[in-house]
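# A look at the structure
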Amino acid sequence: METTTQTLLFAAELIEENGTHTLVVQDVRRDTVQSTPVPKAMVDKLPVFLSALVAKLHPVPARHRW
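Note that the structure is a prediction, hence the values are computed from the model and not measured.

Here is what the cut-offs are and how they apply
Residues numbered from 1 in each chain as written. Predicted model: local features only at pLDDT ≥ 70, side-chain atom pairs only at ≥ 80, totals over all residues. Heavy atoms only, no water. Pairing = 2+ DSSP bridges. Helix = DSSP H or I, 4+ residues; strand = E, 2+ residues; numbered from the N terminus. Axes fitted to C-alpha atoms, helices over the stretch in contact; angles between N-to-C directions. Contact = heavy atoms within 4.5 Å. Expected span 1.5 Å × (residues − 1). Bend = angle between axes of the 7 residues up to and from the residue. Salt bridge = Lys/Arg side-chain N within 4 Å of Asp/Glu carboxyl O. Buried < 20%, exposed > 50% of the residue type's maximum accessible area, 1.4 Å probe, protein only.

## As for the sheet that holds strand E3 (residues 32–38)
- The strand order across the open sheet built from three strands is E1-E2-E3, with neighbouring strands paired in antiparallel fashion. The sheet is open, and its two borders are formed by strand E1 (10–17) and E3, each paired with just one other strand. For this sheet, the mean angle separating the axes of adjacent strands, direction not counted, is 20°.
- Across eight bridges, E1 lies against strand E2 (residues 20–27) in antiparallel orientation. Residue pairing for E2: Glu 16 is matched across the bridge by His 21.
- Along the sheet, helix H1 (residues 40–57) contacts E1, E2 and E3; its crossing angle with E3, the most-contacted strand, is approximately 105°.

## Points about H1
- Relative to the 26 Å expected for 18 residues at 1.5 Å per residue, H1 spans 26 Å between its end C-alpha atoms, a close match to the ideal helical length.
- Within H1, the axis deviates most sharply at Leu 46, by approximately 50°, and proline Pro 47 lies no more than four positions further along.

## A word on the pattern of salt bridges
- If you walk through the whole model with that rule in mind, you get two salt bridges.
- Close ionic contact of Asp 27 with Arg 30 constitutes a salt bridge, the shortest N to O distance being 2.9 Å.
- Among the residues examined, Asp 27 registers a relative accessible area of 7% and is labelled buried.
- In this structure, the salt-bridge partner of Asp 44 is Lys 40, at a minimum N-O distance of 2.9 Å. Pair noted here: Asp 44 and Lys 40 are both in helix H1, with a separation of four residues, about one helical turn.
- When its relative accessible area of 48% is taken as the criterion, Asp 44 is described as partly exposed.

## Concerning the environment of Phe 10
- Relative to the helices and strands, Phe 10 resides in strand E1.
- Along the primary structure Phe 10 and Ser 51 are separated by 41 residues, whereas in three dimensions their C-alpha atoms are 20 Å apart.
- Other than its neighbours up to four places away in sequence, Phe 10 contacts Val 25, Gln 26, Asp 27, Val 28 and Arg 29.

Spelled out as structure tokens, the structure:
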């Protein structure tokens, strides 16, 4: 049986406090943290951005009609 090892490279959190949103990204390998404010409109579109990323990285093959 083959085993695999997963290594956490980055961890991200989107925090809302008093109506303000902040994206916090931790680089686990370098032990650094960066944060930036994020507009609510962008937060609201996050599911769309994630879906687009998944579609780009894992496109569904075109179905052929026979």
